[in-house]
Structures are given as C-alpha cells and as structure tokens.
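# Residue-level structure breakdown
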Amino acid sequence: MDSQIKIIREIIELGLDSIKSYGDNVHFHRLIREFYRAREGLVNLRNTYLQDGKEMGEIDNILYIM
C-alpha cells in the first residue's frame, strides 16, 4: 500500500500544479470537477482503511494537501 500512497500523492501534487498553471484555460472547470471527484474517491479509500491507522493517516495527509 505504501507504493500506492506514494503514487496517489504524486498525482495529487501534479493536479495541484495543473490547477495553478491552467487557471485561464477553457477546461479549468473540468479540472476542478475531476479534482473534487478524486477527493471523494480518497475519502472512500480512507473509509476502506479505517482500521489501519498508518494508511488512514497517509490518506488524511493527502486530503489535507488537497
């Protein structure tokens, strides 16, 4: 799970960079919508790993970054 969390974190960081870079783009609203969907997915993943404190903490950190 550690490698998956690392990949998720990298994707989120790239997404945040995209939000900063493409603020004037015509598809910006779509990017924001997909970012919110990704956040919902992470919340679901967090609920899946509710009993595992380490993974839950890592996911909480990613959600905080978002």
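Residues numbered from 1 in each chain as written. Predicted model: local features only at pLDDT ≥ 70, side-chain atom pairs only at ≥ 80, totals over all residues. Heavy atoms only, no water.

### Points about helix 3 (residues 53–65)
With 13 residues, helix 3 ought to run about 18 Å at 1.5 Å a step, and its terminal C-alpha atoms sit 18 Å apart, in line with that. The set of residues buried in helix 3 consists of Glu55, Met56, Ile59, Ile62 and Leu63. Mapping the buried residues of helix 3 onto a view down its axis gives an arc of 120°, with all of them on the same face. Structurally, helix 3 contributes buried residues whose contacts are with helix 1 (2–21) and helix 2 (28–48). (Helix = DSSP H or I, 4+ residues; strand = E, 2+ residues; numbered from the N terminus. Expected span 1.5 Å × (residues − 1). Buried < 20%, exposed > 50% of the residue type's maximum accessible area, 1.4 Å probe, protein only. Arc of directions from axis to C-beta. Contact = heavy atoms within 4.5 Å.)

### Describing the confidence of the model for the protein
Looking at the protein, the pLDDT average stands at 87 and 100% of residues meet or exceed 70. When pLDDT is averaged over each element of the protein, helix 2 comes out on top at 90 and helix 3 at the bottom at 86. (pLDDT = per-residue confidence, 0-100.)

### A closer look at the pattern of salt bridges
In total, this model carries 3 salt bridges according to the counting rule given. In this structure, Arg46 and Asp60 form a salt bridge, with 2.4 Å as the shortest nitrogen-oxygen distance. One end of the pair, Arg46, is in helix 2; the other, Asp60, is in helix 3, with 14 residues separating them in the sequence. Overall, Arg46 belongs to the partly exposed group, its relative accessible area being 22%. (Salt bridge = Lys/Arg side-chain N within 4 Å of Asp/Glu carboxyl O.)

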